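# Structural description and commentary
One letter stands for each residue in the lines below.
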Amino acid sequence: MPVSFVLNHRKVSLNVAPGDPLLWAIREAAGLTGTKYGCGAALCGACTVHLDGKPIRSCVTPVHSVAGKSVTTIEGVSGPTALAVESAWERLNVVQCGYCQSGQIMSAIALLERKPSPADDDIDTAMNGNICRCATYMRIRAAIHEAARIRKG
C-alpha cells in the first residue's frame, strides 16, 4: 500500500509497508541517502529530518505517520538559514568524518528557524542527542553562532 507525503517539496507516493521506519522509506524507496542510519533507537541523531519544519528522528518514525505531511531531508534544505549553516560549517571546518553531519545540520537549521539568536544553553538543548563520534561539539556550537551572525547580516 503506497504512503503519500511531500518529500523535499515534491509529492511522493512510496510503496512501503506502513509500519516501516521513515528512514528506510527515504533511503531505500526514495533513494535519498544523505539521511544516515546510526543507532535505530533515536539516540544518536544521524537520521534527523524535518517533519512539517520540526526535527524528528526518522529511524523510529513509522512512515504511515507522515502521510499527507511534509518531510525535508538534508538533500532538500534550502533558504537563507540553510545557506548560513552551510557557510558556517565550511568556514569553521566543523566536519571531520562527516557521518553525523546531516543530522547535526538538520537540528541546527531547525534551531535557528525557531530561535535566530540562540545562547549556548539553547544550542546545547537543541543539539542534545546529536552524537558526534569525532567530538566536534565546540566547532558545531561556534558554527551555529556564526550562522546566526550570517543570518543577521
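The coordinates are above.
Given the structure is predicted, the values throughout are model-derived calculations rather than measurements.

## A look at the sheet that holds strand β4 (residues 54-57)
If you trace the 5 strands from one edge of the open sheet to the other, you get β2-β1-β5-β3-β4, paired in mixed fashion. Where the open sheet ends on each side, the last strands, each with one partner, are β2 (10-15) and β4. Adjacent strand axes in the sheet meet at a mean angle of 40 degrees, parallel and antiparallel pairs treated alike. Sheet analysis places strand β3 (residues 48-51) next to β4, joined by 4 bridges and oriented antiparallel. Directly across from threonine 48, in β4, lies its bridge partner arginine 57. Together, β3, β4 and β5 (70-72) form the strand contacts of helix α3 (residues 101-114), whose direction differs from that of β3 by roughly 35 degrees.

## Comments concerning the packing of α3 against helix α5 (residues 137-152)
Interaxial distance between α3 and α5 falls to 11 Å at its minimum, and their mutual angle equals 40 degrees. Taken as axis vectors, α3 and α5 run oblique relative to one another. For the element pair α3 and α5, the recorded crossing hand is right-handed. Here α3 contributes Gln104, Ala108, Leu111 and Leu112 to the contact with α5, which in turn contributes Ile140, Ile144, Ala147 and Ala148.

## A closer look at the nonpolar core
Proteins that are soluble and globular tend to have nonpolar side chains buried together. If you look at the biggest cluster of nonpolar residues, it comprises 20 residues, and the most contacted ones within it are Val85, Trp89 and Ile144. Listing elements by their share of this core, those giving two or more residues are α2 (80-91), α3, α4 (120-127) and α5. With 6 residues, α3 is the single largest residue contributor to this core. Aside from chain neighbours lying at most four places away, what touches isoleucine 144 is Trp89, Ala108, Leu111, Leu112, Pro118, Ile123 and Met127. In this structure, Leu7, Ile26, Leu32 and Ile56 belong to the second largest nonpolar core, which totals 16 residues.

The rules behind each value
- Residues numbered from 1 in each chain as written.
- Predicted model: local features only at pLDDT ≥ 70, side-chain atom pairs only at ≥ 80, totals over all residues.
- Heavy atoms only, no water.
- Pairing = 2+ DSSP bridges.
- Helix = DSSP H or I, 4+ residues; strand = E, 2+ residues; numbered from the N terminus.
- Axes fitted to C-alpha atoms, helices over the stretch in contact; angles between N-to-C directions.
- Contact = heavy atoms within 4.5 Å.
- Parallel < 35°, antiparallel > 145°, perpendicular 65-115°, else oblique.
- Left-handed = near helix turned anticlockwise from the far one by under 90°.
- Core = buried A, V, L, I, M, F, W, Y, C linked by side-chain atoms within 4.5 Å.
- Buried < 20%, exposed > 50% of the residue type's maximum accessible area, 1.4 Å probe, protein only.

The quantities given are spatial measurements derived from coordinates; they are silent on function.
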